[in-house]
Amino acid sequence: MNEDDKKELIEEFKKGDGSKRLDLWDYALAQQVLWEDIIAELQKIAHEQGVDKELDERIEQDMKGLE
(Lines give C-alpha, C1' and ligand atoms only; values in the text may rest on other atoms or scores of the structure.)
Protein backbone atom coordinates (compact mmCIF):
# COMPACT_ATOMS: atom_id res chain seq x y z
CA MET A 1 0.00 0.00 0.00
CA ASN A 2 1.53 3.29 -1.04
CA GLU A 3 0.90 6.72 0.48
CA ASP A 4 -1.92 7.54 -1.95
CA ASP A 5 -3.70 4.28 -1.12
CA LYS A 6 -3.29 5.00 2.57
CA LYS A 7 -4.74 8.50 2.22
CA GLU A 8 -7.65 7.15 0.17
CA LEU A 9 -8.44 4.47 2.75
CA ILE A 10 -8.39 7.03 5.57
CA GLU A 11 -10.66 9.39 3.62
CA GLU A 12 -13.08 6.55 2.89
CA PHE A 13 -13.10 5.71 6.59
CA LYS A 14 -13.84 9.32 7.55
CA LYS A 15 -16.73 9.56 5.08
CA GLY A 16 -18.08 6.03 5.54
CA ASP A 17 -21.11 4.92 7.45
CA GLY A 18 -21.02 2.34 10.23
CA SER A 19 -20.84 -0.78 8.06
CA LYS A 20 -18.29 0.77 5.68
CA ARG A 21 -16.10 1.75 8.61
CA LEU A 22 -16.31 -1.75 10.04
CA ASP A 23 -15.31 -3.21 6.66
CA LEU A 24 -12.32 -0.87 6.40
CA TRP A 25 -11.33 -1.58 10.00
CA ASP A 26 -11.53 -5.33 9.34
CA TYR A 27 -9.43 -4.92 6.19
CA ALA A 28 -6.77 -2.95 8.07
CA LEU A 29 -6.61 -5.56 10.84
CA ALA A 30 -6.29 -8.36 8.29
CA GLN A 31 -3.41 -6.52 6.63
CA GLN A 32 -1.74 -6.05 10.00
CA VAL A 33 -1.94 -9.78 10.73
CA LEU A 34 -0.65 -10.61 7.25
CA TRP A 35 2.38 -8.34 7.64
CA GLU A 36 3.09 -9.57 11.17
CA ASP A 37 3.15 -13.13 9.81
CA ILE A 38 5.46 -12.12 6.96
CA ILE A 39 7.82 -10.31 9.34
CA ALA A 40 7.88 -13.29 11.71
CA GLU A 41 8.75 -15.64 8.84
CA LEU A 42 11.49 -13.29 7.60
CA GLN A 43 12.95 -13.09 11.11
CA LYS A 44 12.90 -16.88 11.42
CA ILE A 45 14.72 -17.31 8.09
CA ALA A 46 17.23 -14.58 8.94
CA HIS A 47 17.96 -16.24 12.27
CA GLU A 48 18.35 -19.67 10.69
CA GLN A 49 20.77 -18.27 8.12
CA GLY A 50 22.65 -16.13 10.64
CA VAL A 51 21.71 -13.04 8.69
CA ASP A 52 20.02 -11.43 11.69
CA LYS A 53 23.40 -10.72 13.32
CA GLU A 54 24.65 -9.09 10.13
CA LEU A 55 21.48 -7.03 9.87
CA ASP A 56 21.81 -5.94 13.52
CA GLU A 57 25.35 -4.77 12.82
CA ARG A 58 24.25 -2.83 9.73
CA ILE A 59 21.41 -1.18 11.64
CA GLU A 60 23.79 -0.24 14.43
CA GLN A 61 26.21 1.28 11.90
CA ASP A 62 23.36 3.20 10.22
CA MET A 63 22.17 4.54 13.56
CA LYS A 64 25.67 5.75 14.42
CA GLY A 65 25.80 7.51 11.05
CA LEU A 66 22.63 9.45 11.91
CA GLU A 67 24.09 10.86 15.12
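A brief look at the structure comes next. Each chain has its residues counted from 1, running along the sequence as written. Totals for whole chains, interfaces and linings use every residue, but because this is a predicted model, local features are given only for residues with pLDDT of at least 70 and side-chain atom pairs only at 80 or more, for both listing and counting. Side-chain calculation: all heavy atoms of the structure are included, whereas hydrogens and water are not.

Section: the pattern of salt bridges
Salt bridge, as applied in this entry: a Lys or Arg side-chain nitrogen positioned within 4 Å of an Asp or Glu carboxyl oxygen. Enumeration according to the criterion identifies five salt bridges in this entry. A salt bridge links Arg58 to Glu54, with the shortest nitrogen-to-oxygen separation between them at 2.9 Å. With a gap of four residues between them, Arg58 and Glu54 both fall in helix H3 (residues 51-66), about one helical turn apart. Judged by relative accessible area, which is 38%, Glu54 ranks as partly exposed. Helix and strand labels come from DSSP, where a helix needs a run of H or I of at least four residues and a strand needs a run of E of at least two; each type is numbered from the N terminus. Only protein chains enter the area calculation, which uses a 1.4 Å probe; residues under 20% of their type maximum are buried, those over 50% are exposed, and those in between are partly exposed.

A word on H3
Note that an α-helix has 3.6 residues per turn; residues three or four places apart therefore point the same way. Over its 16 residues, H3 extends 23 Å from the first C-alpha to the last, a length consistent with the 22 Å expected when each residue adds 1.5 Å. Among the 16 residues that make up H3, zero are buried, leaving the element largely open to the surroundings. Expected helix span is taken as 1.5 Å per residue step, with the number of steps being one fewer than the number of residues.

Notes on the packing of aromatic side chains
Stacked, tilted and edge-to-face are the three classes assigned to paired rings of Phe, Tyr and Trp, where Trp is represented by its six-membered ring and a pair needs centres within 6.5 Å; plane angles under 30 degrees give stacked, over 60 edge-to-face, the rest tilted. Using the criterion set out here, one finds one aromatic pair in the structure. Ring geometry for Phe13 and Trp25: centres 6.3 Å apart, planes at 40°, overall tilted. A residue pair is termed long-range when its members are at least 10 positions apart, and Phe13 in helix H1 (residues 3-15) and Trp25 in helix H2 (residues 18-49) qualify at 12 residues. A relative accessible area of 27% means that Phe13 is categorised as partly exposed. Sitting above the plane of the Phe13 ring, Arg21 keeps its charged end 5.1 Å from the centroid. For a Lys NZ or an Arg CZ to count as sitting over a ring, it must be within 6 Å of the ring centre and within 35 degrees of the ring normal.

None of the figures reported here should be taken as evidence of function without further support.
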